[in-house]
Every structure is written in structure tokens, then in C-alpha cells.
Amino acid sequence: MLWYHSQESTASIPPGTCGLPLIGETLQFMASINSGKGFYDFVRIRGLRYGNCFRTNLFGETHVFVLSTESAKVILNNELGKFTKRYIRSIAELVGDQSILCASYQHHKMIRSHLANLFSTNSISMFIKQFNKLMVETFRGRLVHLMLYYNIACKAICKMLISLESGPELEMLQNIKALDKINEVAQVCEAMLAFPLRLPWTRFYKGLQARKRIINILEKAISERRRGTETYHEDFLQHMLIEDDKASSDESPMLTDAEIKDNILTMIIAGQDTTATAIIWMVKFLDENQEVLETLTKKASPKSCLTLEDLGEMPYASKVVKEFLRMASVVPWFPRQVLQDSEIVGFKIKRGWNINIDARSIHLDPMVYNDPNKFNPPRFDDLAWDEHGQSDDASLSPPFYHHIQSNIISITNPVTEEALLDLLCKKFPESLGIADLGCSSGPNTLSVISEIIDVIYAKCSDLGISTPELKISLNDLYSNDFNDIFGSLPAFYKKLEEEKGVGFGQCFISGVPGSFYGRLFPSKCIHFVHSSSSLHWLSQVPPELDSKASTAINKGRIYISKTSPQSVLDSYLLQFQKDFSLFLKSRSEEIVPGGRMVLSFMGRRSMDPTTVESIHQWELLAQALMNMVSEGLVLEEKVDTFNAPYYGPCAEELELEIQKEGSFIMDRLEAVEVDWDGGVDMSNTTETVTVSSGQRVAKAIRAVVESMLESHFGRDIMDDLFRRHVELVDKHLAKTRTKYISLVIYLIRKG
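Calculation rules
Residues numbered from 1 in each chain as written. Predicted model: local features only at pLDDT ≥ 70, side-chain atom pairs only at ≥ 80, totals over all residues. Heavy atoms only, no water. Helix = DSSP H or I, 4+ residues; strand = E, 2+ residues; numbered from the N terminus. Contact = heavy atoms within 4.5 Å. Areas by Shrake-Rupley, 256 points an atom, 1.4 Å probe, with all protein chains shown as cover. Pairing = 2+ DSSP bridges. Axes fitted to C-alpha atoms, helices over the stretch in contact; angles between N-to-C directions. Expected span 1.5 Å × (residues − 1). Bend = angle between axes of the 7 residues up to and from the residue. Buried < 20%, exposed > 50% of the residue type's maximum accessible area, 1.4 Å probe, protein only. Patch = residues over 30% accessible without salt bridge, like charges linked within 9 Å, V, L, I, M, F, W, Y side chains within 5 Å. Salt bridge = Lys/Arg side-chain N within 4 Å of Asp/Glu carboxyl O. Lys, Arg positive; Asp, Glu negative; His and termini not counted. Polar contact = N/O pair within 3.5 Å; in protein donor to acceptor, adjacent residues only side chain to side chain. Left-handed = near helix turned anticlockwise from the far one by under 90°. Nonpolar A, V, L, I, M, F, W, Y, C, P; charged D, E, K, R; others polar. Core = buried A, V, L, I, M, F, W, Y, C linked by side-chain atoms within 4.5 Å. Phe/Tyr/Trp six-rings, centres within 6.5 Å; stacked < 30°, edge-to-face > 60°. Lys NZ or Arg CZ within 6 Å of the ring centre and 35° of its normal.

A. Expanded view of the overall build of the protein chain. Of the regular secondary structure elements, the protein chain holds 25 helices and 15 strands. Restricting the contact set of the protein chain to residue pairs at least 6 apart, pairs at least 24 apart contribute 77%. Of the roughly 35,400 Å² that the protein chain leaves accessible, carbon and sulfur atoms contribute 54%.

B. Just the sheet that holds strand S13 (residues 591-602), in detail. Across the sheet, seven strands lie side by side as S11-S10-S9-S12-S13-S15-S14; this open sheet has mixed pairing. Looking along the sheet, the strands with just one partner apiece sit at the ends: strand S11 (507-513) and strand S14 (664-675). Ignoring which end each strand starts from, the neighbouring axes of this sheet average 15° apart. Here 11 bridges tie S14 to strand S15 (residues 739-749), and the two strands are oriented antiparallel to one another. Pairing of Phe664 across the sheet is with Arg749, part of S15. Strand contacts of helix H19 (residues 482-500): strand S10 (469-476) and S11, with the helix running at about 170° to S11, the strand carrying the most contacts.

C. Structural context of H19. Counted at 1.5 Å a residue, the expected span for H19 with its 19 residues is 27 Å, and the 26 Å between its end C-alpha atoms agrees. Of all the bends in H19, the greatest reaches close to 35° and is centred on Leu489; the proline Pro490 follows between one and four positions later. All of the buried residues along H19 are Phe482, Ile485, Leu489, Phe492, Leu496 and Lys500. Where H19 is buried, its residues meet helix H18 (445-463), S10 and S11.

D. The arrangement of the environment of Val639 in detail. Inspection of the secondary structure assignment puts Val639 in helix H22 (residues 636-640). Taking the C-alpha atoms as reference points, Val639 and Phe713, 74 residues apart in sequence, are found 8.3 Å from one another. Not counting the four nearest positions on each side in its chain, Val639 is found in contact with Gly556, Arg557, Ile558, Leu625, Met626, Val629, Val634 and Phe713.

E. Representation of the environment of Val185 in the model. For Val185, the position within the fold is in helix H9 (residues 184-191). Separated by 22 residues in sequence, Val185 and Gly207 place their C-alpha atoms 8.5 Å apart. Leave out the neighbours within four places in its chain, and Val185 touches Cys154, Leu173, Ile214, Ile268, Ile269 and Gln272.

F. Molecular detail of the environment of Ile260. Here Ile260 shows up in helix H12 (residues 257-288). Considered as a pair, Ile260 and Leu237 are 23 residues apart in the sequence and their alpha carbons are 8.0 Å apart.

G. Quick peek at a nonpolar patch on the surface. A contiguous nonpolar surface patch, about 230 Å² in accessible area, is contributed by Leu76, Val331 and Phe334. With respect to the helices, strands and loops of the structure, Phe334 is situated in strand S5 (residues 333-338).

H. The arrangement of the pairing of strand S8 (residues 354-358) in detail. Along S8, five of the five residues are buried, which leaves the element largely enclosed by surrounding structure. What you see with S8 is no split at all: Asn354, Asn356 and Asp358 on one side and Ile355 and Ile357 on the other are buried throughout. Pairing between strand S3 (residues 61-66) and S8: four bridges, direction parallel. Following the sheet pairing, Val66 is matched in S8 by Ile357. One ladder, built from five bridges, connects S5 with S8; its direction is antiparallel. Within the sheet, the bridge partner assigned to Pro335 lies in S8 and is Asn356.

I. Region of interest: the pattern of salt bridges. For the structure on display, the rule yields 26 salt bridges. Across the pair Asp719 and Arg702 runs a salt bridge, and its minimum N-O distance is 2.7 Å. On the criterion of sequence distance, the pair formed by Asp719 in helix H25 (residues 718-735) and Arg702 in helix H24 (residues 693-713) is long-range, its members being 17 residues apart. Asp719 sits in the partly exposed class, given a relative accessible area of 41%. Taken together, the salt bridges that share partners define one network made up of Arg519, Lys585, Arg587, Glu589 and Glu590.

J. Summary view of the sheet that holds strand S2 (residues 53-58). Read from one edge to the other, the open sheet built from five strands follows the order S2-S3-S8-S5-S4, with strand pairing classed as mixed. The sheet is open, and its two borders are formed by S2 and strand S4 (83-85), each paired with just one other strand. Going across the sheet, the axis of each strand differs from the next one's by a mean of 35°, ignoring polarity. Both S4 and S5 contribute to a ladder of three bridges, which runs antiparallel. Bridging from a neighbouring strand, Thr84 pairs with Gln337 of S5.

K. The arrangement of the side chain of Arg749 in detail. Tracing the sequence through the fold places Arg749 in strand S15. Put simply, Arg749 is tucked away with no salt bridge, and the nearest opposite charge, on Glu661, sits 6.9 Å away. In this structure the side chain of Arg749 is engaged in a polar contact, spanning 2.8 Å, whose partner is the backbone oxygen of Ser588. Excluding anything up to four places from it in sequence, Arg749 contacts Ser588, Ile591, Val592, Pro593, Gly594, Gly595, Ser663 and Phe664.

L. Representation of the packing of helix H13 (residues 290-299) against helix H15 (residues 315-328). Relative to each other, H13 and H15 sit at 145°, their axes nearing to 9 Å. When the axes of H13 and H15 are compared, the crossing they make is left-handed. Between H13, through Val292, Thr295, Leu296 and Lys299, and H15, the contact on the second element is made entirely by Tyr316, Ala317 and Val320. Of the residues that constitute the contact of H13 with H15, the class distribution is five nonpolar, one polar and one charged.

M. Broad picture of H25. Taking 1.5 Å of rise per residue, 18 residues should cover 26 Å, and H25 covers 26 Å from first to last C-alpha, within 8% of that figure. Every buried residue belonging to H25 is among Met718, Leu721, Phe722, Arg724, His725, Val726, Leu728, Val729 and His732, and all of these are buried.

N. Main features of the nonpolar core. Membership of the largest hydrophobic core comes to 66 residues, with the highest contact counts inside it found for Phe580, Phe583, Met597, Trp618, Val705, Leu709 and Phe713. Broken down by element, the residue count for this core peaks at nine residues, all from helix H21 (residues 612-630). Ignoring anything within four residues of it in the chain, the contact list for Phe580 reads Tyr517, Leu535, Leu599, Phe601, Leu654, Glu657 and Ile658. Judged by nonpolar contacts, the second largest core, of 55 residues, contains Ile100, Leu115, Leu134 and Ile152.

O. Geometry of the pairing of S10. Within S10, six of the eight residues are buried, leaving the element largely enclosed by the surrounding structure. Where S10 meets S11, seven bridges bridge the pair, whose relative direction is parallel. In the sheet register, Lys471 faces S11, and the bridge partner there is Phe508.

P. Quick look at unusual backbone geometry. At Leu22, a residue that is not glycine, the phi angle is positive and equals roughly 70°. With a phi close to 55°, Phe59 is a non-glycine residue in the positive phi region. In this structure, Phe59 sits in the loop between S2 and S3.

Q. Geometry of the packing of aromatic side chains. Under the counting rule described, the total for this entry stands at 22 aromatic pairs. Taking the centre distance of 5.6 Å and the plane angle of 20° together, the rings of Trp281 and Phe285 count as stacked. Here Trp281 pairs with Phe285, and both are found in helix H12, just four residues apart, close to one helical turn. Residue Trp281 is classed as partly exposed on the basis of its relative accessible area of 28%. Assessed through its relative accessible area of 6%, Phe285 is described here as buried. Linked through ring pairs, Phe516, Tyr517, Phe576, Phe580, Phe583, Phe601 and Tyr647 together constitute an aromatic cluster. Lying over the aromatic face of Phe285, Lys284 brings its terminal NZ or CZ to 4.7 Å of the ring centre.

Below is the structure:
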């Protein structure tokens, strides 16, 4: 937990020792690094002595190490912006002061935008092909010298970044002729944690010299390309130079040659060191766990040349990689600098101190992982899903799913406009607080906000007054990709200015991660709340139906069914009542008197929760699962113990909870029909259509529910399950045009 106080804190500083004057415990730190036990031993010994948060002095500065998951979450989430990245000075000298590792917040943001192409799908695909080819050519049943792993990684990353595939420069970087010596890049890596003495025989000095030689190679490549004397290459360096030419023409920030060199060096170091280290650990763990190796061999792709798409079809290999990365902790710790005095787990952490998260302690924490010292890839079968049913994998959200969302939002727009106009007629504050709850991170995220702004702007224009200051909060769970939203804000703000003019007024958009089944905002600061396609997701599976419950009472089904016992229906209704009541109570404390709220979510028209319009999408999924049970592909008890955290209420159930909570007046409640396929008329498109309605519907459903199914049944069956689901949906839609029911509610805060 992390608290900030205006008064003087009574907390004590973390236990530990400052060691010797000036150098502190630097000598012990360096001794651990140079020993066979490594950096971890330094942290482990002090963790046993002082606990999960201790203080020391390294290289003349105070360092705090935290070894607990709770502390790590607080620091890495950095919700209040109290921490910033910080590496020790020796690392900054080796990678260069223009490296993204050493950049200030704004500088980091600018550099990151230029580096984004390195992580594009096209770049990663090219790297995979190159790396796969090098690995196949090098191994072929032979024992491989340790240094060859570094040379393979070095060659692959140099090819990707600067098209360096052969010749004396690559040989110098790789030290091909001297496998008993580390290569130039590895020398820089070794020097990063060396004592920073500039004497010729020291590792730090040798690392600086290696840096100079690598920088010379990069300077030569940049110079030749700028002069046009080198053949055109499709690589990362070329992309950066082209981006700089564009930047110079449109007055946006461009990278200097020093920034390009330092950041390519950083990428080479990161690419070689982490990749080679990961391969070495993989070989070690597979050698020690022959049963895992045998399973991996059986499940391996028969192709000799793998692509990015092939890797996506290798779920067991993915789990093996996750498991050895967990146990090896290739990146040992995450350093941050404290920007303001704060408290972590009851200890005072002072401004200017360095705070380090020890990754290995967390990865081997028995409170996080059962039997953490056992190499067990199947542990990653058990993944969590969020209460909105959203997958963490953005690739599972196809455009068609967003089309259905967009349709529902469009249906809601007239009610949203009416609520906003009613609000503005009653009062016109200087500052308007607006919240979109369950915003997700797809193409529809900012479209809702855009519609709201348009209504406010049009009303103000009619009245001949300036628009009020807009404070817009976008909410979703912590797992939501807020960075994707923030990345689209500059273009959004620019469009606002172009369409509305410079006199439009101030608009501040921020992200607010957290569950809406609880407080999100300070008291009485919100004037208008919008939420679409979220409140049908419960905060949890009803406890009586949870997979850990002693007895399965909804056997053969994954949601309410016509054959479900009454106790199942009662459990779902009770969980919805608890959640919706808590939602209303939380919003009642946050919304100003007279504030408005427009909500839309899946529901039903009938009071009977087993009506077809409410349950049939789940019935078809259950049928696909039970077909796999009959073929021995899925255990029946797995189906019996799975229940979806979902509930589609009826109007009467909503009215009852609104009346019981008592803080809102219900102005309107409508039930609107939405086609299963989103109302897509494929006859009006000029594109070649190769997918059926069933495929489109099943893809949309898969985008929403796969993560929760995968966490219970495992990833291996997902493709087969949804292939069967497509067939069932196709057969169903061939007989009838089924519709979802979306409930739209307009509420007014009393007072």
C-alpha cells in the first residue's frame, strides 16, 4: 500500500545499513555480481536479514530494494506519478546520455515515438524469420559453444537494425575468431555493473572502449546513408533517418545523430543480452526437465521456417517460455527514482532515493505461484479475466466486434444528447466533470467522448457562450490498454481544435483505472456519466457457482439455462443485485445533485431469465463444449464447474434496485433490439466476402469471452471450440434471425 500525507509522517525509514562512508555497500554488491551467485545473492541475504523492504548505499547513493508483489504493483503502476525510471551512472555512460534509458519523461516520450517501428508486426515478423534461420543453421544436432548464443543474437539484431550481415565489422562485434572471449556488445553489458574506474585493466574501461568501437560503426553507417553512398536498406536505421527527414519538413521533433546512435546501441545491447541469456536459460531448464522437452517436441510445429503466425499457434511453447522467464528473471530488477516523499509498506521513502524492484523475489513468491521453484509450464493455464469480460489480447477484438459496440452506442446517442441538454438547461457550470465507465481501448473509445463534446459545443454555440472547461475521465480495469488511448489523444485534440476553433475552451482527458463496482472519483465532482456494454458483467461469478465451490449445481451448462435449478437463477440474480446496488451507491456519492447518467447494457424484455434472447448465445457455447466432452477432448467436470460472470437483467429488476438504493430518479428505460451480426448488410459492400454470418458472430463473441474460457479450459482447445461454435451459430442463424436486447437507462441524481 502507498499513502501520501500532508502532515509529517510518523513512519520510519526502511531497515538496512549505509555501509562504509561514501562507497556504502558497493564492494559487497560488486563481489556478489562477480561471484557465481550473482546480484541475487546480495538481495537475498539482506532480504532474509531485514525483510521485504530494505535500504543500502551503492555508488554513493541511497538504494531501497522491495521484494513484495504489493510494493511492486504500487511502484510500477505509478498512478500518482511519484516515480520515474533511473539507472545507475555507469549504465548511463555506457549506453549514452541520449539513450531512452536515461531520458527525462518528455524526452523519453519523444524517443519512444521514434522507436515504435522497431516493435511493429512487420519488424517482428522479419526478426523471427532471420532468427529462426540462424538458429537452424547453427544447431542442427550439434553442441554449441556458449558464446555462439551471443553471436547469433548479435547477428540477428544487427541485421534487423542496421542490415549488418557479414564482413569485418560484424566479426569485430561478434568476436567470431575468439569464442573464448566475449564480444564487443557483451563487453558493454558486463561493464554496466562494474565499478566505474577508468583504468585500462578494468571492465568499466574496457566497456567504454567497446562502446566507442560500436559507435564508430554506427557513425559510418549513418554518414554513408545520409550521403547516399550506401545501398538502400529496409531496416530500422533507414526508418529513423526517413522519419527525421519527415520531421524536419513538418517541424515536429527530430532525432539528432547522437540520439540515433545511443538508441540503436541500446537496442543492440538489449536485443543481444536478453535474447542470448534467455536461450541459455531455456536450454538449462529443458535439459533438467526432460518430460517438458518431450511434450514440447511432440507439440512443435513441423515447419522448419517459422513465422509470427506460426508462433501464435504454439500455445504450449508459449507457456514454456513464460515459465523459464519467470524462473530465470532475465531482467533482474527494475530501478526507479523517488520524486516525492512517500510511504511503502509502512516505511518512509525519501525524495531523491533510488527504489528497486527485485523481479526474482516476486517470481519465486509462494504467495503468487504455487511451488514456485518447480518448472511447471501448465501453471499458465490459469489466467484471470476482468469483470467486463475483456481479453487482454487486443488481437482478439476484430473490427466486427467494434461494429456491434458502435451500433449500440449509436442507439444510445439520442438519449445521451437529451440527458446532456437537460443538464445544461438546469445549470451551466464553469467546469463539467464527465466520465465514461468501461471505456475499453478500441476504435469506439473516443467516439463516445466526441459525441458528448459535439452536443455541448452545439448548445454553447446556440447560446452564444464559450464552452465550459471539460474534465473527462475514461475508466476501465487496470488491465486495459490506457497507453493506446493516450497515444491517440494528440490527434484527437488536434481534430477538436480544427473543427471547433481555438476558442473552444479547455478539454482535459485522463485515465482512471479501477472497478466501477466501488468508488472511482472524489465526492460530487461528476456531472455526467456514460457507460456502454459493461454493466452486464458481474464483479465475480456467484460464490455458489464458483469453480471452487464444493458441489457443482449447474452441470453441463455455463450460464442460466431452462434446465438450470432455481438455485442457479437465484444466485445470479443476487450477485447482480449486490453489484448494481454498489454501482449506484458509488455513483451517488460522486455525481453532483441534478447530475445525469446514461447506461446501456445487455438485458432482456421478459421477467423470465431463461428466455431465448437472454441465454441462447451461452447455450450454443455450452453445446460446443459438451460436444468436445462426448469426444473425450474436454473433461465433463471442467464444464460443470465453469459459469460465466454475466447477467442480463430485465427492466423490473433494474427498477427495483434503483428504487431500493434511492439516490436516482429514472427518467427513461428502453429495450432496444440489436441483430446478433450487428445489422451488417454484406450486400452493400464492394469487398469480397469469405466469411459467414456465423463466423462474424462467433468472432465477436470470441473477442469477448475467450480469455475467461481459456483461463478455465486452457488455450489448447480454443481454436477447436470456436470452430465448432461457428458451425452451431451458422445453423442457428440459417433458421432464425436472433437479436440481442440492449437496455438503455437515463437516470438523474436526486437533490
